[in-house]
Amino acid sequence: MLNVADAVHGRKSINLIINLIALAVVLVSMTVLFGCGGGSSSSTVVTPPTSPPPPPPSSANYYVATNGNDSFSGTLPAPNSAGTDGPFKTITKAQQAVESAKSTITGNITIGIRGGTYFLSAPLNFTSADSGSSSQTITWEGYPGDSMPVISGGQQVTGWTNTSGNTWTVKLPSSFNAFEALYYNGQRRYRPLTSSGYLFLNPVIVSSPQTGCEAAYESGYRCTDRFSFSPGDLAATYYDINDVEIVSFENWTVSRMRLQSVDTTNDIAYLTGDVSTGQYYGFLAGHRYLVDNVKESLSQPGQWYLDQGTTPWTLTYLANAGENPSSDTVIVPQQSQLLIANGLQYVTFSDLQFSHDDYVVPATGHPGEPGETMTPAAISINGSSNVTFSGVTVAHTQGWGLEFEGTAAAGAGNEVTNSLLYDLGTGGIRLGQIPATGDSDSTVAQNNTVTQSMVFSGGRFLPGGEGTGIWIGSSHNNTLSNDDVHDFYNGAIELGQSPSGGQTFTHDNSIQSNKLYDLGQGVTSDMGCVHAASSNNSGNQISNNVCHDVTHDPSPGGYGGNGIYLDGNTQNVTVKSNIVYRVSDTALFLNTGSIGNTVTNNVFAYARLGLIRRGILDQDGTAGSFTVTHNIFYYDMGALQRLPSIWECPAICTSQFTMDYNVYWNATGGAVTFVTTTASPDAIAEQLSLASWQALTGEDVHSVVANPEFTAPGYPSDDYSLMSGSPATATEGFTAISTAQVGPTVSLATPSTSVPEAFPLQTLQPSDF
């Protein structure tokens with residue numbers, strides 16, 4: 001019996017014969033037309049055929065196309081002329097066909113998906129039944145030669161009416177789900193805010209505990225379901241007030257809550273639910289907020305508003321010049337996720353785009369939390385191994401782009417390569433989760449690789465977190481290499497999520513050769529290009545990365561635009577051969593309780609507040625231990641040692657940390673000054689020259705104050721290579737750092753449209769450093 005693979009092979013052979021015959025006809029035609037051996041060129045002319053060419057050759061076993069039919073065999077790339085056979089119409093049908101045919105097909109299986117947009121009626125669900133094997137892999141790929149197919153959780157909106165001027169409206173069918181994003185011709189559009197800049201709030205403190213006000217705070221109890229505002233900043237008369245959202249910027253977390261009511265007599269806003277509470281969370285004095293999705297503020301071209309107070313719902317869009325919603329493409333998200341896999345093995349997704357997941361703020365609001373780990377991902381891969389995303393695009397999401405969670409087969413993880421993730425509502429790629437009771441080394445996510453990919457323009461809906469470009473939780477033996485992560489409103493990469501010192505399984509992860517830049521942008525606080533909180537572990541490495549342009553919130557109370565940030569209780573991390581420059585706070589921050597960390601052969605330059613910072617004293621009387629050797633520290637503002645921090649020397653210096661073979665230079669030509677502190681972390685005891693620092697502390701015995709002779713430091717060259725004869729290499733054992741292999745070394749096609757900013761930015765310019 002002829003199986004599918006044989007049939008495909010047979011068709012390829014027939015196609016080859018046909019092509020050879022066609023070539024022979026063309027050669028004969030050329031002979032007749034142009035002559036051979038003195039023949040006349042005016043003889044018979046062969047007219048080429050006028051029928052359209054067939055689709056490009058493909059070796060796929062099955063095909064899916066928007067003009068297909070699930071009653072077809074799925075073995076043709078296009079419908080036949082009789083309309084009796086052709087590709088499938090849905091991916092789900094192709095899954096069923098593959099599952100049935102696996103035992104009858106010899107070798108690997110490929111499903112070719114033709115160009116077009118595939119709107120899902122439910123998330124795609126892949127299980128172990130969809131798995132391949134080591135001897136029979138399964139590949140779902142975009143059809144060669146077609147535009148990249150889009151797997152969409154959205155729905156196109158049609159039937160628009162131009163009611164006046166640039167105002168367009170449409171009545172939505174009752175089948176539509178609520179949504180909080182809209183994409184116009186592939187670009188995100190935003191809802192109306194009441195202000196172009198930030199507003200400022202204060203907590204409500206009551207004298208005795210009551211519902212919603214139960215957290216002890218200073219001399220009273222801080223409320224979590226209300227805050228106070230400046231007169232005139234909020235109104236009690238907002239249309240559909242429960243659909244108005246308060247975006248509250250805490251420190252590194254951001255809450256998105258719903259209004260319940262507004263008391264304009266006492267200037268207190270009440271919410272439908274509670275924000276988180278704690279020293280760094282909830283409503284903090286003088287912090288910022290925005291008022292989003294206010295119908296009365298709908299006034300600017302490109303804005304939209306969904307009126308859920310009418311039946312049917314009415315969607316209004318204010319068109320930009322030249323836009324026409326009746327002929328343009330408007331898509332709104334409808335499915336909570338796009339693809340969910342459990343127990344999947346040996347499957348590759350290639351040259352596909354996944355877009356338009358639907359995350360809606362719950363009725364009680366969305367309290368911000370570190371890492372936004374509870375927010376769903378558009379693509380969720382659980383307990384799976386040897387699953388590869390190659391050349392894919394994940395764009396226009398509300399939640400995370402892609403996550404790998406749960407156990408993979410030992411030593412057999414998953415991979416993202418040559419891919420783009422952008423215009424992300426929350427984060428890019430999540431590996432693992434926060435530590436949970438019952439976790440073990442064998443049950444957490446592990447052995448995953450993210451390489452040669454770009455992750456950018458994130459946090460467009462939920463901007464909080466400390467490193468939501470690529471986030472590693474309680475997860476081990478992962479590799480992030482040659483990636484480009486930029487344009488986030490917090491940090492780029494998270495390593496662990498347990499600054500309290502609890503047990504995690506975040507070990508033996510490698511973060512290497514990545515470009516990390518344009519971070520924070522003045523929207524949140526407390527971040528780094530790489531933020532580590534990996535307690536009780538070893539084997540993590542941060543190496544050969546380039547980190548620059550990190551800006552924290554400059555408002556009163558804002559802080560922490562760091563470069564490499566080893567947070568509290570981070571242990572045994574190696575930081576090697578990184579280049580860090582232009583950060584608004586500290587280039588290298590080793591926080592309280594971080595112990596056993598090694599920092600060697602790095603460049604730390606142009607930090608506004610300080611180049612290196614230790615934590616303050618923790619409960620056992622230490623501020624952490626580390627070894628910092630063979631580095632270059634280069635500055636022109638701020639200080640060498642950032643305060644507040646503990647440099648209580650000589651009592652604790654050589655016993656708690658080691659610094660040596662470093663090069664220090666003040667680019668202004670001023671003196672390089674070291675400081676010691678008293679028991680108070682921000683009180684300077686002495687200011688010292690290098691020689692005095694060496695004599696007093698026993699540190700930096702072999703270090704020097706010297707110009708490292710960078711080729712062209714500073715903007716716009718940003719060239720931190722060393723000229724011949726640099727003292728860093730001549731006497732201090734510094735090894736030159738090449739950036740030639742940093743970031744993606746393959747060509748990645750970036751989108752033709754930009755992703756507009758979601759919040760007012762407060763960025764620093766290169767001239768500010």
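Here goes a summary of the coordinates provided. Given the structure is predicted, the values throughout are model-derived calculations rather than measurements. (Residues numbered from 1 in each chain as written. Predicted model: local features only at pLDDT ≥ 70, side-chain atom pairs only at ≥ 80, totals over all residues. Heavy atoms only, no water.)

**Quick notes on the sheet that holds strand E7 (residues 154-156)**
Condition: By the convention used here, strands pair only if DSSP detects at least 2 bridges between them. Strands are runs of DSSP state E lasting at least two residues, helices are runs of H or I lasting at least four, and both sets are numbered from the N terminus onward. Here an angle of 0 to 180 degrees is reported between the N-to-C directions of two axes, which are lines fitted to C-alpha atoms, with helices fitted over the stretch in contact.
Strand order in this open sheet of 4 strands is E7-E21-E10-E11, and the pairing throughout is antiparallel. In the strand order of this sheet, the two ends are held by E7 and strand E11 (187-189), each with one partner. On average, each strand axis in the sheet is inclined to that of its neighbour by 30 degrees, with strand direction left out of account.

**Quick notes on the sheet that holds strand E49 (residues 610-614)**
Sheet strands pair by backbone hydrogen bonding; their relative direction is either parallel or antiparallel. Taken together, 11 strands build an open sheet; the order of strands is E4-E22-E25-E28-E31-E34-E37-E40-E43-E46-E49 and the sheet is parallel. The sheet terminates laterally at strand E4 (124-126) and E49, the two strands that pair on one side only. Taking the axes of each pair of neighbouring strands and ignoring which way they run, one obtains an average angle of 15 degrees across the sheet. Looking at chain direction, strand E43 (residues 561-566) and strand E46 (residues 586-590) are connected through 3 bridges and run parallel. Bridging from a neighbouring strand, isoleucine 564 pairs with leucine 588 of E46.

**Quick look at helix H4 (residues 690-697)**
What counts is decided by this rule: Only protein chains enter the calculation, and the probe is 1.4 Å; a residue is then buried if its accessible area is under 20% of its type maximum, exposed if over 50%, and partly exposed in between. Note that the arc is defined by the directions from the helix axis to the C-beta atoms. By definition, residues are in contact when any of their heavy atoms lie within 4.5 Å.
Along H4, the residues that are buried comprise Leu690, Trp693 and Thr697. On an axial view of H4, the arc spanned by its buried residues comes to 60 degrees, and they lie on one face. Contact partners of the buried residues in H4: helix H3 (653-656), strand E52 (657-660), strand E54 (674-677), strand E55 (684-688) and strand E56 (704-705). With its phi angle positive at about 80 degrees, glycine 698 sits one or two positions after the end of H4.

**Digging into unusual backbone geometry**
Peptide bonds are, in most cases, trans, and in most cases residues other than glycine have a negative phi. Cis geometry is found at the peptide bond from leucine 643 to proline 644, where omega equals 5 degrees. Within the fold, proline 644 resides in the loop between strand E51 (632-635) and H3. Note that the residue after cysteine 649, namely proline 650, is joined by a cis bond; omega there is 10 degrees. The topology assignment puts proline 650 in the loop between E51 and H3. Despite not being glycine, asparagine 482 has its phi angle at roughly 55 degrees, a positive value. Within the element layout of this structure, asparagine 482 appears in the loop between strand E35 (479-481) and strand E36 (484-488). With a relative accessible area of 15%, asparagine 482 lands in the buried category.

Nothing here speaks to function; it is all geometry.
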